[in-house]
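# Chains, contacts and geometry: an overview
Residue strings, one per chain:
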Amino acid sequence: MSDPAHVALLLVAAFVAGALNAVAGGGSFLTLPALVFTGVPAVAANATGTVALLPGYVSGALGFRSDMQAPPGLSMGALAAVSLAGGAIGAGLLLLTGDGTFRSLVPWLL
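In this convention, every chain numbers its residues from 1, walking through the sequence in written order. Totals for whole chains, interfaces and linings use every residue, but because this is a predicted model, local features are given only for residues with pLDDT of at least 70 and side-chain atom pairs only at 80 or more, for both listing and counting. Side-chain numbers come from the whole structure's heavy atoms, not from hydrogens or water.

Close contact between helix H1 (residues 4–23) and helix H2 (residues 28–37) brings their axes to 9 Å; oriented N to C, the two are set at 170°. Between H1 and H2, the angle falls in the class roughly antiparallel. Taking contact as the criterion, the partners of His-6, Leu-9, Leu-10, Ala-13, Ala-14, Val-16, Ala-17 and Leu-20 in H1 are, on H2, Leu-30, Thr-31, Ala-34, Leu-35 and Phe-37. Throughout this entry, Asp, Glu, Lys and Arg are counted as charged residues, while Ala, Val, Leu, Ile, Met, Phe, Trp, Tyr, Cys and Pro are counted as nonpolar. The remaining residues, Gly among them, count as polar. Its residues placed into classes, the contact of H1 with H2 shows 11 nonpolar, 2 polar and no charged. The axes used here are C-alpha line fits, helices contributing only the stretch in contact, and every angle between their N-to-C directions lies in the interval 0 to 180 degrees. Only DSSP runs of H or I reaching four residues or more are called helices, and only runs of E reaching two or more are called strands; each is numbered from the N terminus. Oblique is the label for any angle not covered by the other classes, which are roughly parallel (under 35 degrees), roughly antiparallel (over 145) and roughly perpendicular (65 to 115). In this analysis, two residues are considered to be in contact whenever any of their non-hydrogen atoms come within 4.5 Å of each other.

So, in structure tokens, the structure goes:
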């Protein structure tokens, strides 16, 4: 990845995606296509974009932690457990999905 235009594209996409995630979410709409455009396989681009945006997710959650409350009758622990289970299932499915299949599913997943 020595092409300066690709590096510039990825830097801009990452910066704007981080800002977008901090405000409303949806940064993956920028990082995934940018990574695929620069030649990264779709499954690897998805994983790379998610890991790259992780610090923004964490800092956003910490910044808005006083505004977060579980719905009545549910605990934050229960919500966290369901979220972790869903993330683990999704990650497992992603590992089992080939790049071609994932490319055909991406428009429906986004």
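This brings us to a nonpolar patch on the surface. Each patch is built from salt-bridge-free residues with over 30% relative accessible area, joining like charges within 9 Å and nonpolar side chains (Val, Leu, Ile, Met, Phe, Trp, Tyr) within 5 Å. Values of accessible area rely on a 1.4 Å probe in the Shrake-Rupley scheme; residue burial ignores everything except the protein chains shown. A pairing counts as a salt bridge when a side-chain nitrogen of Lys or Arg comes within 4 Å of a carboxyl oxygen of Asp or Glu. A surface patch of nonpolar side chains, amounting to about 650 Å² of accessible area, comprises Val-12, Phe-15, Val-16, Leu-20, Phe-29, Leu-30 and Leu-110. At the level of secondary structure, the elements contributing two or more residues to the nonpolar patch comprise H1 and H2. Broken down by element, the nonpolar patch gets its largest block of residues, 4 residues, from H1. Within the secondary structure, Phe-15 sits in helix H1.

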